[in-house]
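For reference, the chains in residue letters:
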Amino acid sequence: MSRSAWPVELHGQTPGGQALVLDALRRRDKHEWVEVRSRNRDWLGPWEATSPEAEPQRVSFSGLVRHYNGEARAGRMVPLTIRLDGRLVGQVVLFGIAWGSLLSAAAGYWVDERVAGSGVAPTALALAGDHAMLTMGLHRVEVNIRPENARSLAVVRKLGFRDEGTRAAYLHISGSWRDHRTFALTTEDLGGHTLLERYVERFHTDHIRHIGDTPPHLPGGEPSET
């Protein structure tokens with residue numbers, strides 16, 4: 001893939017059979033994007049990056065779209081919107097892309113609380129990771145997560161990301177510098193498979209392993225992580 005090949009469109013299915021499309025954010029998405037972000041402010045706020053500047057610069061929605069497109073064409077970012085049955089339900093972004101001898105990127109993601117737990121986030125991250133390593137030719141993808149963010153930790157666990165330890169005061173979140181745990185995968189970790197294939201296999205294996213366990217809605221049952 002050329003570093004400037006943009007836009008891209010990725011397709012996949014959650015283990016439950018829901019169709020996902022990952023593509024570029026568009027100006028006509030403004031109303032839907034603002035509605036989803038506003039409704040999920042409390043859900044997403046504790047985990048989202050903030051600016052350490054006293055008065056951070058505000059960016060309009062059209063300015064955000066221009067920024068995404070410019071960074072994508074320059075090969076520094078792959079900013080993808082997650083659409084479920086045509087509805088905008090989140091984003092997954094490859095950023096900090098390094099070429100040359102490193103061939104690496106970091107990934108960040110968020111989803112609408114209404115679809116949390118339905119396999120949307122791990123499927124979207126798997127699609128983006130496969131695009132990074134199999135199409136773009138990157139060697140490594142990493143995800144950095146606050147230790148308190150149990151749901152996001154579950155996403156990388158489902159995909160088999162390797163825990164590489166804690167980075168102290170790594171990122172400015174919710175007004176302070178916060179520790180993060182780093183998880184990563186390299187092309188060697190895939191063993192000739194795609195990340196999406198690994199996720200589907202792990203999903204079905206975990207479910208078969210727990211057949212006969214106490215159902216999660218009964219006393220003693222564990223919450224479902226599908």
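Residues numbered from 1 in each chain as written. Predicted model: local features only at pLDDT ≥ 70, side-chain atom pairs only at ≥ 80, totals over all residues. Heavy atoms only, no water.

## Looking at the packing of aromatic side chains
Applying the stated criterion to the full structure yields two aromatic pairs. Ring plane angle 50° and centroid distance 5.4 Å describe the contact between Trp-33 and Phe-61, whose orientation is recorded as tilted. Of this pair, Trp-33 sits in helix α1 (residues 30-39) while Phe-61 sits in helix α3 (residues 61-73), placing them 28 residues apart in sequence. Owing to a relative accessible area of 16%, Trp-33 belongs among the buried residues under this scheme. When the centroid spacing of 6.3 Å and the interplanar angle of 70° are considered together, the rings of Tyr-199 and Phe-203 count as edge-to-face. Placement of the pair is Tyr-199 and Phe-203 together in helix α7 (residues 195-209), with a separation of four residues, close to one helical turn. Accessibility classification places Tyr-199 together with Phe-203 in one group, the buried group. The ring of Trp-110 is capped by Arg-37, whose NZ or CZ atom sits 4.8 Å from the centre of that ring. (Phe/Tyr/Trp six-rings, centres within 6.5 Å; stacked < 30°, edge-to-face > 60°. Helix = DSSP H or I, 4+ residues; strand = E, 2+ residues; numbered from the N terminus. Buried < 20%, exposed > 50% of the residue type's maximum accessible area, 1.4 Å probe, protein only. Lys NZ or Arg CZ within 6 Å of the ring centre and 35° of its normal.)

## Description of the pairing of strand β4 (residues 87-98)
Most of β4 sits out of view: nine of its twelve residues are buried. Two elements, strand β3 (residues 78-84) and β4, share seven bridges in a ladder whose sense is antiparallel. Opposite Arg-83, over in β4, you have Leu-88 as the bridge partner. As consecutive antiparallel partners, β3 and β4 are separated by two residues, and within that stretch Asp-85 has a phi angle of approximately 50°, a positive value. Pairing analysis gives seven bridges linking β4 to strand β5 (residues 104-111), with the strands arranged antiparallel. Bridge pairing links Gln-91 to Trp-110 in β5. What sits between the antiparallel neighbours β4 and β5 is a turn of five residues, in which Gly-100 has the positive phi angle 65°. (Pairing = 2+ DSSP bridges.)

## Considering the side chain of Thr-123
Position of Thr-123 among the secondary structure elements: in helix α4 (residues 120-135). Non-local contacts of Thr-123, meaning those with residues more than four positions away in its chain, are made with Gln-13, Thr-14, Pro-15, Leu-20, Leu-196 and Tyr-199. (Contact = heavy atoms within 4.5 Å.)

## Describing the environment of Ala-19
When you line up the elements, Ala-19 lands in strand β2 (residues 19-23). Classification of Ala-19 by relative accessible area gives partly exposed; the value is 37%. For the pair Ala-19 and Gly-86, spaced 67 residues apart in sequence, the C-alpha separation works out to 9.0 Å. Ignoring anything within four residues of it in the chain, the contact list for Ala-19 reads Gly-12, Gln-13, Arg-83, Leu-84 and Asp-85.

## Remarks on the nonpolar core
Judged by nonpolar contacts, the single largest core of 47 residues is most densely connected at Leu-22, Ile-82, Val-92, Leu-125 and Phe-161. The leading source of residues in this core is α4, at nine residues. Excluding anything up to four places from it in sequence, Leu-22 contacts Val-8, Glu-9, Leu-10, Leu-80, Thr-81, Ile-82, Val-92, Ala-124, Leu-127 and Ala-128. Grouped together as the second largest cluster of nonpolar side chains are twelve residues, Trp-33, Tyr-68, Leu-88 and Val-93 included. (Core = buried A, V, L, I, M, F, W, Y, C linked by side-chain atoms within 4.5 Å.)

## Description of the pattern of salt bridges
One pass over the structure, following the stated rule, counts 15 salt bridges. The residue Arg-26 makes a salt bridge to Asp-29 at a minimum N-O spacing of 3.5 Å. Of the residues examined, Arg-26 reaches a relative accessible area of 28% and is grouped as partly exposed. With a closest N to O distance of 2.7 Å, Arg-140 and Glu-142 form a salt bridge. You can call Arg-140 buried: its relative accessible area is 16%. A cluster of three or more residues bridged by salt bridges with shared partners is formed by Arg-140, Glu-142, Arg-162, Glu-164, Arg-167 and Asp-189. (Salt bridge = Lys/Arg side-chain N within 4 Å of Asp/Glu carboxyl O.)

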